[in-house]
Amino acid sequence: MIDKEKALLVRIFSSLIFLTSFVFTSAIHADEAEKTAYKDHVKCAEGEPCKIDLYLTRGYRAFSQCQVCHGLDATGSSFAPSLTDKMQEIDKALFIDRVENGFKGQIGVMPPWKENPNVMKYIDQLYDYLMARSDGAIPGGKLKRYDR
Amino acid sequence: MKHHLLRILVASCFALLSGIASANDSVKSAMSNSGNWAIWGGDYAGTRYSELDQINASNVKDLQVAWTFSTGVLRGHEGGPVVIDGTMFIHTPFPNKVFSINIEDQTINWVYEPKQDPDTIPVMCCDTVSRGVAYADGKIFLQQADTNLVALDANTGKKIWSVKNGDPKQGSTNTNAPIVIKDKVFTGISGGEFGVRGFLAAYNTSDGSLAWKCYSTGPDGEMCVDGEKTTELLKPIGADSSLNTWEGDQWKIGGGTTWGWYSYDEETNLVYYGTGNPSTWNPVVRPGDNKWSMTIFARDADTGMAKWVYQMTPHDEWDYDGVNEMILADIEVGGEMRKTLVHFDRNGFGYTLDRVTGELLVAEKYDPAVNWATHVDMETGRPQVVAKYSTDQNGEDVNTENVCPAALGSKDQQPAAFSPKTGLFYVPTNHVCMDYEPFQVEYVAGQPYVGATLSMFPAGKVTGDGTDHLGNFIAWDADKGEIKWSIPEKFSVWSGALATAGDVVFYGTLDGHLKAVDASSGEQLYSFKTPSGIIGNVNTYTHDGKQYVAVLSGVGGWAGIGMAAGLEGDTDGLGAVGAYKQLGKYTQLGGVLSVFALPD
């Protein structure tokens, strides 16, 4: 009886472990996939600058609204932080929240963009573009398209 | 020393004699004492020239720091302090503090610190700068970032009145220094990147009530122009001159903001200033000349009516705001003495006009790298745009490469100086080019409305001359339209210059040096590293008969952005990575006033 109970408990417990670890690892995978989603939109050939597609170009265009503060190549200015650094520190959910709602921090005020269609329509593209910049997959500035 | 006292005496007698001194007289008498620095440009003409000559080309090498003052504010410190009879008024970026300092012992008489909504900050496109205060009639006028124009009692710092000049919720803010002419205080508006419609406003100094407001764009009445009487290059501009050059209602969100400097000529009674870029940065969606953005305005200081206008960059395709300072100088042009207005535009051309009539006399490039136009047609006044560099002709979604200058211009707002002794203009410049790609954007009130992506890099990448510096400090002959000498600077020169009767010219650098050069040769005579990068304007004044030179350091502003240009990953063109080192390696944030003098 006792043994049976024990066995059951062990089974429940181990399946719990299995379950959480499953949820956990898949979360990591989802997170990783989210962070590197840009890879489907960048093509690099030996000896020439990487090219991007329309999708990531839209992200770059949305980023034009951010250039006046975060620098032309996203490496920051005297009054706003480098996004190439920041993108490594925050996940996509927080990124979207920061961009949508803005916030006031130690450095200054990040404006909210929720009412700006030029940014919000392309928030995924913007996130992917900045992740690509942050991972060093693409340089700053205008990049050629491979899909036209 | 005696000389100086005499001057004060004469000045105060003048003030007394003139009886019921109007605001104009108080400014004029303060300016007539060369021991003061009474207005942003040193005088109404915006020459930034001082008669003081104790510090001169032979002794400037001995200059030392006399005292310093920290503003306690980190953001970019543009403009410079005003000095009136032993008191210095120092302004700061947001939150726009004003300090009144007793120069005698450098104690603080009073501090004004407005409570402003921090939501104003994100509406300011390029750092929260302020370019200074104006003094008149015992009052200090401050244009706060939140658009409130306030009058403070110069003795106590108490607010006398305050008036709202715009609405930050709609994207308008203020960064400019106001000026006072007669009984009115003049101010403009910022927010070209938010589709704000520019104007010049005159408020009564007594109570802050609006005297008049004249827009840069729109119907004739609202612009205070008269199709018959207002001229461009001596010809009447005709009716509906602005409306005819915009498609539909685009002019309502069409920019032409007025965030630069204002000059005044008592003889013509005209106030001179320039208007900024038409919005959006995508030129394709706003066919036409987009008048009167990018324009020099000469307006009657009493009524606001425009006597003449001149549009330098019709249908802007590069963000070459026309707001830079107008220097009013009487110089010989083509062998004849002329009352001129000299202006170094963002678009890279140095213009000399007759300031009475608006006739165009000279228009030449003041940076040889300038390539977007071959020249200015002197008949029509129109720049001859090079198709290759036309972001409009190349069209939306096309990257127009290697345009010189970059959007920050061959020169931005940092004012130049003019020495009547040498007849030369001393100009802080940028030597930066760009790629620019316009695209479609939607307008939402109070939201940025940019419509182009850009990247910037040293002009040497385009000229191919092997250089990698980002700025020059030049001496300019406004008669011939020629550079007399040019000093390369590692970074953009973003500090207002000062010329003196001591044959010395001063300017600051982004990496933080205050420099003095010989007014004739440009030879460097002195250099001192201040606590932070300099984007402020150099001023001079006397106290107890001794000459001082003062400048705010405190890096920031758009200069901080320009610096990131081409810093990374830029493999084509120049290999000289050295020049791309971040400005952060040279200097950090923080506002400090440094005051210099010769040893006793």
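**Digging into helix α5 (residues 92–101) of chain A**
Residues and elements named next belong to chain A.
Okay, so step 1: All of the buried residues along α5 are Lys 92, Phe 95 and Val 99. Seen from one end, α5 has its buried residues packed into an arc of 55 degrees, which puts them on one side.
Okay, so step 2: Within two residues after α5, Gly 102 carries a phi angle of roughly 65 degrees, on the positive side.

**A word on the pattern of salt bridges**
Okay, so step 1: Taken as a whole and judged by the stated rule, the model has 33 salt bridges over all chains.
Okay, so step 2: Taking the shortest distance from any N to any O, the salt bridge between Asp 226 of chain B and Lys 229 of chain B comes out at 3.8 Å.
Okay, so step 3: Three or more residues are tied together by salt bridges with common partners; here these are Arg 61 and Lys 142 of chain A together with Asp 397 and Glu 437 of chain B.

**Examining the confidence of the model for chain A**
Okay, so step 1: Considering every residue of chain A, the mean pLDDT works out to 83; 80% of them sit at 70 or more.
Okay, so step 2: Between residues 16–24 of chain A, whose pLDDT stays under 50, and residues either more than four places distant or in other chains, the model counts zero contacts.

**Comments concerning empty space enclosed by the protein**
Residue and element names in this part refer to chain B.
Okay, so step 1: What the rule picks out here adds up to four cavities of 30 Å³ or more.
Okay, so step 2: Its volume calculated, the largest cavity comes out at about 390 Å³.
Okay, so step 3: Residue lining of the largest cavity: 28 residues in total, with Cys 125, Cys 126, Arg 131, Glu 193 and Trp 259 positioned closest to the centre.

**Considering the layout of surface pockets**
Residues and elements named next belong to chain A.
Okay, so step 1: Taken as a whole, the largest pocket spans an internal volume of roughly 1,000 Å³.
Okay, so step 2: Along its surface, the largest pocket is lined by 49 residues, and Phe 79, Ala 80, Gly 108, Val 109 and Met 110 are the ones closest to its centre.
Okay, so step 3: Counting only elements with at least two residues in the lining of the largest pocket, the list comes to α3 (67–70), α4 (83–89), α5, β3 (103–104), β4 (109–110) and α7 (123–134).
Okay, so step 4: Taken together, the residues that form the lining of the largest pocket break down as 33 nonpolar, eight polar and eight charged.

**Description of the packing of α5 of chain A against α7 of chain A**
All names here are of chain A.
Okay, so step 1: One way to put it is that α5 packs onto α7 with a least axis distance of 11 Å and a crossing angle of 115 degrees. Every pair of crossing elements has a handedness; the one defined by α5 and α7 is right-handed. Across the interface between the two elements, Lys 92, Phe 95, Ile 96 and Val 99 of α5 pack against Ile 123, Asp 124, Leu 126, Tyr 127 and Leu 130 of α7.
Okay, so step 2: Of the residues assigned to the contact of α5 with α7, the class counts are seven nonpolar, no polar and two charged.

**Focus: the state of the cysteines**
Okay, so step 1: The final tally for this structure, using the stated rule, is three disulfides over all chains.
Okay, so step 2: There is a disulfide in this structure between Cys 44 of chain A and Cys 50 of chain A, and the S-S distance comes to 2.0 Å. Measuring handedness by torsion sign, the sulfur bridge of Cys 44 of chain A and Cys 50 of chain A sits at about 110 degrees and is right-handed.
Okay, so step 3: Shown here is the disulfide that connects Cys 214 of chain B with Cys 224 of chain B, its sulfur atoms set 2.1 Å apart. Between Cys 214 of chain B and Cys 224 of chain B, the S-S torsion sits near -90 degrees, and that sign places the bridge as left-handed. Of the two residues, Cys 214 of chain B is situated in strand β15 (residues 210–215) and Cys 224 of chain B in the loop between α3 (220–223) and β16 (231–232); the sequence distance between them amounts to 10 residues. Cys 224 of chain B shares its class with Cys 214 of chain B; the two are buried.

**Comments concerning the packing of aromatic side chains**
Residues and elements named next belong to chain B.
Okay, so step 1: Evaluation of the coordinates by the stated rule reveals 32 aromatic pairs over all chains.
Okay, so step 2: Note on Tyr 262 and Tyr 273: the rings are 6.1 Å apart at their centroids and 75 degrees apart in plane angle, and the pair reads as edge-to-face. Pair noted here: Tyr 262 is in the loop between β17 (235–236) and β18 (263–265) and Tyr 273 is in strand β19 (residues 270–274), with a separation of 11 residues, a long-range link. Across the pair, exposure class does not vary: Tyr 262 and Tyr 273 are buried alike.
Okay, so step 3: Ring plane angle 10 degrees and centroid distance 3.8 Å describe the contact between Phe 473 and Tyr 507, whose orientation is recorded as stacked. Highlighted residues: Phe 473 in strand β33 (residues 471–477) and Tyr 507 in strand β36 (residues 504–508), separated in sequence by 34 residues.

**Structural notes on the nonpolar core**
Residue and element names in this part refer to chain B.
Okay, so step 1: Membership of the largest hydrophobic core comes to 59 residues, with the highest contact counts inside it found for Phe 89, Phe 141, Ile 179, Ile 181 and Phe 186.
Okay, so step 2: Of all the elements, strand β14 (residues 199–204) adds the most residues to this core, at five residues.
Okay, so step 3: Residue contacts for Phe 141: discarding those within four places in its chain leaves Val 133, Ala 134, Ala 136, Val 150, Ala 151, Trp 161, Pro 178, Val 180, Val 185 and Thr 205.

**Comments concerning the interface of chain A and chain B**
Okay, so step 1: Taken together, the contacts link 32 residues of chain A with 36 residues of chain B.
Okay, so step 2: Summed over both partners, the interface of chain A with chain B buries about 2,800 Å², with 54% contributed by carbon and sulfur atoms.
Okay, so step 3: Connecting chain A to chain B are four salt bridges.
Okay, so step 4: Across the pair Arg 61 of chain A and Glu 437 of chain B runs a salt bridge whose closest N-O atoms are separated by 3.1 Å.
Okay, so step 5: In this assembly, chain A and chain B are joined by 10 residue pairs in polar contact (both at pLDDT 80 or more).
Okay, so step 6: Contributions of two or more residues to the side of chain A that touches chain B are made by α2 (54–63), α3 and α6 (117–120) of chain A.
Okay, so step 7: Along the lines of polarity and charge, the residues of the side of chain A that touches chain B split into 12 nonpolar, 11 polar and nine charged.

**Brief notes about unusual backbone geometry**
A negative phi angle is the norm for most residues apart from glycine, just as the trans form is the norm for most peptide bonds.
All names here are of chain B.
Okay, so step 1: Residues Phe 94 and Pro 95 are joined by a peptide bond in cis, for which omega reads 15 degrees.
Okay, so step 2: Relative to the helices and strands, Pro 95 is located in the loop between β5 (87–91) and β6 (98–102).
Okay, so step 3: Across the junction of Ser 279 and Thr 280, the peptide omega takes the value 5 degrees, indicating a cis bond.
Okay, so step 4: If you trace the backbone, Thr 280 turns up in the loop between β19 and β20 (295–300).

**Re the sheet that holds strand β41 (residues 546–553) of chain B**
All names here are of chain B.
Okay, so step 1: A sheet is described by the order of its strands in space; here four strands give the open sequence β2-β42-β41-β40, paired in antiparallel fashion. Looking at the sheet topology across the chains shown, the edges are occupied by β2 (64–70) and β40 (539–543). This sheet shows a mean twist of 30 degrees between the axes of neighbouring strands, independent of strand direction.
Okay, so step 2: The sheet contact formed by β40 and β41 spans five bridges and is antiparallel. Bridged to Thr 542 within β41 is Gln 547.

**Some words on the sheet that holds strand β21 (residues 306–311) of chain B**
Okay, so step 1: Pairing in this open sheet of six strands is mixed, and the strands run β17-β16-β21-β20-β19-β18 (chain B) from one edge to the other. Each end of this open sheet is capped by a strand with a single partner; those strands are β17 and β18 of chain B.

Scoring rules and cut-offs
Residues numbered from 1 in each chain as written. Chains lettered and ligands numbered in written order. Predicted model: local features only at pLDDT ≥ 70, side-chain atom pairs only at ≥ 80, totals over all residues. Heavy atoms only, no water. Buried < 20%, exposed > 50% of the residue type's maximum accessible area, 1.4 Å probe, protein only. Helix = DSSP H or I, 4+ residues; strand = E, 2+ residues; numbered from the N terminus. Arc of directions from axis to C-beta. Salt bridge = Lys/Arg side-chain N within 4 Å of Asp/Glu carboxyl O. pLDDT = per-residue confidence, 0-100. Contact = heavy atoms within 4.5 Å. 1 Å grid on protein atoms, 1.4 Å probe; cavity = no way out; pocket = protein on both sides within 12 Å on 5 of 7 lines; lining within 4 Å. Points joined across faces, edges and corners; volume = space filled by probe spheres on them. Nonpolar A, V, L, I, M, F, W, Y, C, P; charged D, E, K, R; others polar. Axes fitted to C-alpha atoms, helices over the stretch in contact; angles between N-to-C directions. Left-handed = near helix turned anticlockwise from the far one by under 90°. Disulfide = S-S within 2.5 Å. Phe/Tyr/Trp six-rings, centres within 6.5 Å; stacked < 30°, edge-to-face > 60°. Core = buried A, V, L, I, M, F, W, Y, C linked by side-chain atoms within 4.5 Å. Buried area = accessible area lost by both parts, 1.4 Å probe. Polar contact = N/O pair within 3.5 Å; in protein donor to acceptor, adjacent residues only side chain to side chain. Pairing = 2+ DSSP bridges.

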